[in-house]
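# Fold and geometry: a report
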Amino acid sequence: MWYVIKTDFGKELNAKEELSKVPQISARLPLRRVTTSNKGNKQSVRFKPLIDGILFINVRKKDIGILKAMMKGSGFFIHKDGTQYESNAHLLSYSSESITLDDRLSMAKVPEQSMRLFSILNSQKEAEKSLEDVEILDSKIYNEIESEYDTICMVNGPFFKFQGVIKQVKRNGKKDHRLFIRTGSCAVSISNIRKFNYLIVREAPNGKNAQKVNTWRFIDYLIGKLQATYFTNNAGPALRNILLNLSKGKAMDDVKRMLLVSSLVEKDNDRRNSLALQSAFIENADSTTESVLEALNSYFINSDKSVSMGLKDLVPNVQLRPFLTPTPGKEIGKDGIYTLLEHKDFTEIILSLDLTKVFIDKKYKWFFRKME
């Protein structure tokens, strides 16, 4: 089993030598090649740790007892006389709580497959050119990033098939697109990743970017649903009014009743019918439609107080939805390939299309076969 060890900066080699004296421990210190130029433009090459203050040890399961005997309860390595290693080598742990040595071992464990990443970082010339620095961080930080940024899969370069999250950070006044990859209870951050290609595996559930993308998708979904029920020709105004009423902080059932009551006192016939049908739409909405309404409502509430202005800008009045929209609106039968939607002045034909072959290159088929 592999474990990640933290040392003082500049003491990594010292720690490796100390740990390698124990027959049951195999120590690995990933290095990277650094080329520098002096004033005469003469290049010199040196090797430095891939991640400052980090190395890895491998211990067989049957020898864990020997490993534990070499450490304090805090995870720091000690000599036979009880003195601590000069390098301050210890199990990497981000917990500030008082935990057992077994817990620290569990937190510092690195899966075998994750070690492949460090082997690549250590040996690939292509990776060497792309790396400015590599960092190791708490998986809790990775979880936060993952919730706000899309999960991707690399499709070329030294990190081919690795999954992670790409986030732009600012370092020394420069923008750096970094790849974050989970490695057990930790995560690795790799710099300058944008020179390689990737596919989006899973969209982020939170964050501003996801919210913007989902807003357009949700609006399109609801307009399709409204067209398929009561508002073939005027779904846009109906959706804006429903969302405007929801934005006042009312529950879904309260808005439904409020729309129905408003229809009873409304003098304009068209307006009265529209309000009654908006109420009926909410009444008959399935769980997916309700959740989409709630999500959109949250977006407009969190924008600012000018909700009506935002609704007018984002919810269109068009009768014909965009081509290649992801949801049909009016349902297409299980074995059908199209359906018809009768508008006031024209009949819309909605076709079911599978565009996988158009958008997915053959060389990426391995990835989608894996996802199935």
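The coordinates are above.
Computed from a predicted structure; not experimentally measured. Within any chain, residue numbers begin from 1 and follow the written order of that chain's sequence. Selection of residues for local features in this predicted model requires a pLDDT of at least 70, selection of side-chain atom pairs for listing and counting requires 80 or more, and totals for whole chains, interfaces and linings are taken over all residues. With hydrogens and water stripped out, all remaining heavy atoms of the structure feed into the side-chain values.

### Concerning the sheet that holds strand 11 (residues 174–183)
Being paired, for any two strands, means DSSP has found at least two bridges between them. Counting from the N terminus, the helices are the DSSP runs of H or I reaching at least four residues and the strands are the DSSP runs of E reaching at least two. The strand order 8-12-11-10-9-13 describes an open sheet built from six strands, whose pairing is antiparallel. Looking at which strands have only one partner, the edges of the open sheet turn out to be strand 8 (134–138) and strand 13 (198–202). Adjacent strand axes in the sheet meet at a mean angle of 40°, parallel and antiparallel pairs treated alike. Looking at chain direction, strand 9 (residues 151–154) and strand 10 (residues 163–171) are connected through three bridges and run antiparallel. Whenever a helix is involved, its axis is fitted only over the stretch in contact; in every case the axis is a line through C-alpha atoms, and angles between N-to-C directions fall within 0 to 180 degrees.

### Remarks on the nonpolar core
To qualify as a nonpolar core, a set must consist of buried Ala, Val, Leu, Ile, Met, Phe, Trp, Tyr and Cys residues joined through side-chain atoms within 4.5 Å. Each residue gets one of three labels from its accessible area relative to the maximum for its type: buried under 20%, exposed over 50%, partly exposed in between, using a 1.4 Å probe on protein chains only. Judged by nonpolar contacts, the single largest core of 49 residues is most densely connected at V4, L19, I57, L67, F77, F118 and F159. Contacts are assigned to residue pairs with any non-hydrogen atoms lying within 4.5 Å of each other. If we skip the residues at most four places from it in the chain, F118 touches L50, I51, F56, V110, T183 and V188. In terms of nonpolar packing, the next biggest core, distinct from the first, is built from 27 residues, L226, L243, F281 and I282 among them.

### Digging into the environment of S37
Tracing the backbone through its elements, the reader meets S37 in strand 3 (residues 31–37). Overall, S37 belongs to the partly exposed group, its relative accessible area being 45%. Setting aside residues up to four positions removed in sequence, S37 forms contacts with K42 and Q43.

### Quick look at the pairing of strand 14 (residues 338–342)
If a strand is regular, its side chains alternate between the two faces of the sheet. Here strand 14 shows one buried face, formed by T339 and L341, and one open face, formed by Y338, L340 and E342. Here strand 14 pairs with strand 15 (residues 347–351) via five bridges, running antiparallel. Looking at the pairing, L341 lines up with E348 of strand 15. Remark: four residues form the turn of the hairpin made by strand 14 and strand 15, two consecutive strands paired antiparallel.

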